[in-house]
Every structure is written in structure tokens, then in C-alpha cells.
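Residue strings, one per chain:
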Amino acid sequence: MVDFLNLIRNENMKMFRAPRLFVMLGIVLALVIAISSVWFTVDKGQTAMWEVIITETMFLYWIVTIFAVIVASGTVAEEFSTGTIKLLLIRPWNRSKILLSKYISSLLFALFFAIVFLASLLLVNWIFFDLLGNGESVERLSQFTSMSNSEYMFKYYGLLFLNTVMTVTISFMLSTVFRSSVLAIAMALFIEIVVNNLMQLLAFVKYKWIDYVLFVHLDLTKFVGGNVASDGKTLGFSLSVLGVYYVIFIALTWIIFNKRDVAS
Amino acid sequence: MGKPIVQLQGVTKRIGSRTIIDNLTLDVPSGEVFGFLGPNGAGKTTTIRMMVGLMSITSGDILIDGHSISKQFEKSIRHVGAIVENPEMYKYMSGYQNLIHFARMIPGITSHRVKEVVALVGLESRIHDKVKTYSLGMRQRLGVAQAILHKPKLLILDEPTNGLDPAGIRELRDYLRNMARQEGVAVFVSSHLLSEMELMCDRVAIIQNGKLIDVRSIQGSDNSAKSLRILFEVEWPESALEVLAASGLTGISEGAGVIAIEGDKELAAQVNESFVRSGIKVYGIRADIKSLEEQFLEMTGGEGIG
């Protein structure tokens, strides 16, 4: 077990040594500061801090998913493109364990980035709209529940992160199967931009099979107010459909990685 | 020679309907440097990939220290250190971080051992620099370092002299021979530099089109008693042939003042004496031993050597 943690340490080392990490952190921090400062100058600090945070989350969270996908798809594909996969696979670890260490550290990276994103949102907007501003506090973020603001945020982020996990898993599969991160990143962009914004429209199409399409269930934030969304679907049903897809994706990824002849 | 460390037993690899490796059987004992020769596309790299479990084996099996690479992968690969093709490393990390990365993957490698290996390959001064600043020769050394970290019983090197300068090749050669002699490591080397293999290996296997053509020892000086083709370079070949005929020997004129006779070392001395006594100047005497390259070209029908 300790030995397996070493594999994860290795993967983390490779992710965090790569120079792109600082670019990613810089972009996230710069975007948050830019939007908050513009907002602050326009309304002179009248808006409540929580309102700014939830709005910026809606506009910017997809960047967290995209960066997590870039890192996750690179973790397998880059080992193939540089040839280091050969050195990695000739150690006394079977391929399933190597792949698992990569998958776990990909999810850890996504979690790390989501936390960094939330922390910078909280910090920057606390400074702008609480310390410097004079916005009245919003009693309730959610109009239909009695949740506290932090509880609401916590649940909202949890649901967003489930979407990230699913997207990272799909990209991880694509990059393992095709040994290229381009397709994986394109797929993630498609999910983030098209699916998460337009799929609600698909829900109005009255075919039974629509209910089982993966994309319909990827955006879970509609359940933030309760376990039944406005379109009548339940959180349990969405999670079950996602769960089935998840198991299929993971199985495919592992089977193909184990069977593949490494010839590059 | 010790017990076999690696055993290839009827190894066959088919991709689609194409047979890439056909029923390959060979053993490499501990303490031996074993060369693996063949023209481009003969299946050298494919064989090596199967030996380290990067490719599946269609039929047959490969045993390393008695464990099957396909069925007991983790047990058998533990004894293997390898560089497959180029020594690729994580270029954005330092050489030391690269070694730490691989050391973590095998239990029991101390930081002391890492330092020892760094010293062994002579990279102390640059080990904390990023790998992208290394020359090809330094990357090759780092590649060797990662391969021997865990003191493997079998060291597999695919084209190890690629990109090394003559001094580097010589150093690697001495190092590999030392590993084999002193630590009893079996060294499995593929290369296209035939003359290099001749200097480095105890035995070589030659494969072509995925089939094993020949396995032979590289002879040292143990052929002194054998009959050789001896070449004399003399002043007047015609009179030299007459001198030979007078003592009942047949010489063949090879042109350019060279005559060939069949015989052993003793005969060479006697013939030389009779030439000198007859007033024929002898400029040179040498045994006509076919180089590995000539033998190789003969066997593979002169196809290009990669």
C-alpha cells in the first residue's frame, strides 16, 4: 500500500513539475481578479460578496474542468508521445496499477484545482466586496430553500465537481484509447460549452431514450435546490445513469490499456 | 557460465496474418554478454519488447529467472533493467528527479544506492540539471543508470551505442563486460554495429525475418591449432609459388603480391623461412579470419544491415 502511494507521488511529481501548472494557476487567478475588479469599479462595491462568487463560479468554473482534463489526458498520452511509457511499464507493477495511479492523481489534481479556484474566489471577493465594498449581505442565495449561503455553495460545488469527475473520466478514457490528448480536450470543451449549456433543450424532446443519454445528465447543478429538478427528474436517476456510464468507461479504459502492445 | 537467466521458448509473434517472430528459442546464462544481430525489420526490437512485457507473445513463453513474463509479470520484470530504443526521460525534471521517480517504483532502493549509480555512470556534476540540457551521451548514461538502479540480473539494451562517441562506446563496453564478469549479470544487447558487437559480446545470435539463423561464440585466440587461410604478401609472387611447389604445397595467387595457403601457425613459420632463404622478401603475414560482418553478410545474403 505504501508502495502504491509512491506511484501516486510519482504522478503528482510529474504533474506539478510540468511548467504549465504555473500558467494555469496564473490564468485562473488573473481571471478572478480581473472580473471582480471590473465589477467592483462598475457598481462601486454595492453587490453582496456571495452573489459575486456564485456568478463568477457559473461563468468561470468550466476552466477548472478544462485544466483538469488537459492534465488528466496528458498523463497517459504524453508518456506515449515521449516514449517514457516504456520505462514506466517495465517496473514491477502491472499495468492496471500504473493506470490507477494515474487516474487517482488526475482526480486529485482536479480537486486541488477546484479548491484553488474556490479559495481565490473567496479571497479576492472578500477583499473587494466585504473589506473594501459596502454591499448589503444577501440573506439567501437560493430562493427556494432554507440553506445557508456556505451550505448552498458547498452543495453547488459538489455537484459541479461530479461533472468534473465525469468529464475527466471520459477524457482519461479517450486519451488512453487514442494515445492523444487532442481528442480528449476537444471532447471536454464540447461537454463544457455545448452540453452544459444546451442540453436542457434536449430534455424537452419527448422520446423515452433521451432519458438515458449521457449528456442529459452531466449538468447536475439543477439539483442544487433539491433532489427533484424543475423538469421532474430526480438526482437518484441521474446519478444511476451516470454510474452505469462511469463503469463502462472505466472498464473500457482498463481493458484497452492492459491489452495494448506498446510499440511507439 | 551460470544458469540461464533468460529463456526464450518457441517465441512467436503474429500481428494479423504476418509472422514477425517465428519460433525463437534461446538461452542467455548469467555472466554472459549476448549480442542480438539482424538487419532492419528482422524483429530485434519486437523480441526485446516481448522480453520486457511491452508486447504480448502470440505463442511460446519467455522465462526470466524462471518466471514467465506473460503470467508472472511483476515477479519476472523485477530482475530486469532495460533501455528500449532511445533512453527517453522526463525532460522537464532533473536527472536526479528522474532517478528518484524510478527508484520509488521498486522497493528497497535507498538514496545511497541512487548516489552510487550516479557516480558509476559519471554524472555527478550534472545530475541536478534538467534532462533537456543533457547531450545524447549523457541521456544514454542516465538511461543506463535507471536500468541498473535495482541491481537487475538481466540487463537489456536496445542499440546502446547509438549516438555515443568512440570514447563513450568504449566506456560502455568496458562497463557492460564488468557487469557480466563481476556481478554475474546477463547482458542482452541488440545493435547494428557489427564490429562493436564483436568486441563486446561473448556470443551472438543472428536473426532474419523473425527466424533465428545462427548462434555462435565470438572466437578469441582459441583457434591457434585450427587450420587457417594464411595470406603472405611477398616481393615476387611467381617465384614464391615455385618455392611452395618445390616443398609440395599449393599456393593460390590472390593478386597484388598476395598468396594464400591453407595450414596452421607452424606451417606459416616454415613457409616464411623458406621464402626468406630463397631471397624473396616477405612484407606481411596474416591469418584470413572472416570478420563478423563478413560472416553476417554471407548468412543474411548481403541484405542491408541496419
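This structure is a prediction, so every number in the text was calculated from the model and none was measured.

### So, the overall build of chain B
Working step 1: What chain B contains, in helices and strands, is 10 helices and 14 strands.
Working step 2: For chain B, whose C-alpha radius of gyration is 24 Å, the value lies well above the compact-globule estimate of 19 Å for 306 residues.
Working step 3: For chain B, the spread of C-alpha atoms along the three principal axes comes to 75 × 50 × 35 Å.
Working step 4: Out of the 306 residues in chain B, the part that is buried amounts to 51%.
Working step 5: For chain B, the proportion of contacts with a sequence separation of at least 24, taken over those separated by at least 6, is 68%.
Working step 6: The centroid of the 34 positive side-chain charges in chain B is displaced by 11 Å from the centroid of its 36 negative side-chain charges.

### Topic: the interface of chain A and chain B
As a measure of interface size, the accessible area lost when the parts come together is often cited.
Working step 1: Contacts between the two partners involve 31 residues from chain A and, on the opposite side, 28 residues from chain B.
Working step 2: Summing the contributions of chain A and of chain B, the shared interface buries around 2,900 Å²; its carbon and sulfur component is 57%.
Working step 3: When residues of chain A are sorted by the area they lose upon contact with chain B, I90(A), R91(A) and P92(A) head the list and together hold 24% of the total.
Working step 4: There are four salt bridges connecting chain A and chain B.
Working step 5: Counting across the interface, chain A meets chain B through 19 residue pairs in polar contact (both at pLDDT 80 or more).
Working step 6: Secondary structure elements with two or more residues in the side of chain A that touches chain B: α1 (2–17), α3 (49–82), α4 (84–89) and α5 (95–132) of chain A.
Working step 7: Here the residues of the side of chain A that touches chain B are counted per class, giving 13 nonpolar, seven polar and 11 charged.

### Section: unusual backbone geometry
Glycine aside, residues mostly have negative phi angles, and peptide bonds mostly take the trans form.
Residue and element names in this part refer to chain B.
Working step 1: You will see that D65, though not glycine, has its phi angle at about 50°, which is positive.
Working step 2: Positive phi values are uncommon outside glycine, yet E85 reaches one of about 55°.
Working step 3: Residue position: E85 is located in the loop between β6 (80–83) and α3 (95–104).
Working step 4: E85 gets classed as partly exposed once you look at its relative accessible area, which sits at 31%.

### With respect to the sheet that holds strand β7 (residues 154–158) of chain B
All names here are of chain B.
Working step 1: Spatial strand order, β6-β7-β8-β3-β9-β10: six strands in an open sheet with mixed pairing. The sheet is open, and its two borders are formed by β6 and β10 (211–217), each paired with just one other strand. Neighbour to neighbour, the strand axes of the sheet diverge by 15° on average, direction disregarded.
Working step 2: With six bridges connecting them, strand β9 (residues 203–208) and β10 associate as antiparallel partners. Bridge pairing in β10 places Q208 opposite K211.
Working step 3: Packing against the sheet, helix α1 (residues 44–51) makes contact with β3 (33–37), β7, β8 (186–190) and β9, and its axis sits at approximately 145° to β7.

### Describing the packing of helix α2 (residues 20–43) of chain A against α5(A)
All names here are of chain A.
Working step 1: Where α2 meets α5, the closest approach of the two axes is 10 Å, and the angle between their N-to-C directions is 25°. The angle between the axes of α2 and α5 places the two elements in the roughly parallel class. In terms of crossing hand, the pair formed by α2 and α5 is right-handed. Side by side, α2 and α5 meet where L21, M24, L25, V28, L29, V32, I33, S36, S37, W39, F40 and D43 of the first sit next to F109, F112, F113, V116, F117, S120, L121, V124, N125, F128, F129 and L132 of the second.
Working step 2: Split by residue class, the contact of α2 with α5 holds 19 nonpolar, four polar and one charged.

### Let's talk about the domain arrangement of chain B
Working step 1: In terms of domain boundaries, chain B breaks down into domain 1 (4–217) and domain 2 (228–287).
Working step 2: Put simply, the middle of domain 1 of chain B and the middle of domain 2 of chain B, counted by C-alpha atoms, are 47 Å apart.

### Observations regarding the packing of aromatic side chains
All names here are of chain A.
Working step 1: The tally for this structure, following the rule as stated, stands at 24 aromatic pairs over all chains.
Working step 2: Note on Y245 and F249: the rings are 6.0 Å apart at their centroids and 40° apart in plane angle, and the pair reads as tilted. One end of the pair, Y245, and the other, F249, are both in helix α9 (residues 235–259), four residues apart, so they sit about a helical turn from each other.
Working step 3: Residue F249 is classed as buried on the basis of its relative accessible area, which comes to 11%.

### Things to note about the confidence of the model for chain A
Working step 1: Per-residue confidence for chain A gives a mean pLDDT of 86, with 92% of residues at or over 70.
Working step 2: Predicted confidence in chain A is weakest over helix α7 (residues 181–202) of chain A, with a mean pLDDT of 80, and strongest over α9(A), with 94.

### As for the sheet that holds strand β1 (residues 4–15) of chain B
Backbone hydrogen bonds hold the strands of a sheet together, and the pairing may be parallel or antiparallel.
Residues and elements named next belong to chain B.
Working step 1: Spatially, β2-β1-β4-β5 is the arrangement adopted by the four strands of the open sheet, whose pairing is antiparallel. The sheet is open, and its two edges are formed by β2 (18–29) and β5 (67–68), each paired on a single side.
Working step 2: In this sheet, β2 lies alongside β1 in antiparallel orientation, the contact comprising eight bridges. Following the sheet pairing, I15 is matched in β2 by R18.
Working step 3: Along the sheet, α1 makes contact with β1, β2 and β4 (59–64), crossing β1 at roughly 115°.

### As for the confidence of the model for chain B
Working step 1: Of all residues in chain B, 92% attain a pLDDT of 70 or more, and the chain-wide mean is 84.
Working step 2: Per-residue pLDDT, averaged within each element of chain B, yields its smallest value for helix α10 (residues 292–299) of chain B (69) and its largest for α3(B) (94).

### Considerations on the pattern of salt bridges
Residue and element names in this part refer to chain A.
Working step 1: In this structure the tally under the stated criterion is 22 salt bridges over all chains.
Working step 2: Ionic pairing is found between E79 and K102, a salt bridge with its closest N-O pair at 3.0 Å. Of this pair, E79 sits in helix α3 while K102 sits in helix α5, and the two are 23 residues apart along the sequence.
Working step 3: On the basis of relative accessibility, which here comes to 4%, the residue E79 falls in the buried class.
Working step 4: You can call K102 buried: its relative accessible area is 2%.

### Description of the side chain of D65(B)
Residue and element names in this part refer to chain B.
Working step 1: If you trace the backbone, D65 turns up in the loop between β4 and β5.
Working step 2: A polar atom in the side chain of D65 sits 2.8 Å from the side chain of K153.
Working step 3: Other than its neighbours up to four places away in sequence, D65 contacts K3, I5, H79 and K153.

### Things to note about the UniProt feature "transmembrane region" (unreviewed entry) in chain A
Residue and element names in this part refer to chain A.
Working step 1: In the numbering used here, UniProt assigns the feature "transmembrane region" (unreviewed entry) to residues 21–40, 60–82, 103–128, 156–175, 182–205 and 235–257.
Working step 2: Across residues 60–82 one finds 100% helix and 0% strand; the C-alpha atoms that close the span lie 32 Å apart.
Working step 3: With 100% helix and 0% strand, the stretch residues 156–175 has end C-alpha atoms that lie 29 Å from each other.

### Structural notes on the environment of V282(B)
Residue and element names in this part refer to chain B.
Working step 1: For V282, the location among the structural elements is in strand β14 (residues 282–287).
Working step 2: Residues V282 and A205, spaced 77 residues apart in sequence, show a C-alpha to C-alpha distance of 39 Å.
Working step 3: Setting aside residues up to four positions removed in sequence, V282 forms contacts with F232, E233, V234, N272 and F275.

Reading the values: rules and limits
- Residues numbered from 1 in each chain as written.
- Chains lettered and ligands numbered in written order.
- Predicted model: local features only at pLDDT ≥ 70, side-chain atom pairs only at ≥ 80, totals over all residues.
- Heavy atoms only, no water.
- Helix = DSSP H or I, 4+ residues; strand = E, 2+ residues; numbered from the N terminus.
- Rg over C-alpha atoms; globule rule 2.2 N^0.38 Å.
- Buried < 20%, exposed > 50% of the residue type's maximum accessible area, 1.4 Å probe, protein only.
- Contact = heavy atoms within 4.5 Å.
- Lys, Arg positive; Asp, Glu negative; His and termini not counted.
- Charge placed at Lys NZ, Arg CZ, Asp CG, Glu CD.
- Buried area = accessible area lost by both parts, 1.4 Å probe.
- Salt bridge = Lys/Arg side-chain N within 4 Å of Asp/Glu carboxyl O.
- Polar contact = N/O pair within 3.5 Å; in protein donor to acceptor, adjacent residues only side chain to side chain.
- Nonpolar A, V, L, I, M, F, W, Y, C, P; charged D, E, K, R; others polar.
- Pairing = 2+ DSSP bridges.
- Axes fitted to C-alpha atoms, helices over the stretch in contact; angles between N-to-C directions.
- Parallel < 35°, antiparallel > 145°, perpendicular 65-115°, else oblique.
- Left-handed = near helix turned anticlockwise from the far one by under 90°.
- Domains from an automatic or database assignment.
- Phe/Tyr/Trp six-rings, centres within 6.5 Å; stacked < 30°, edge-to-face > 60°.
- pLDDT = per-residue confidence, 0-100.
- UniProt positions renumbered as here; feature names shortened; annotations may be inferred.

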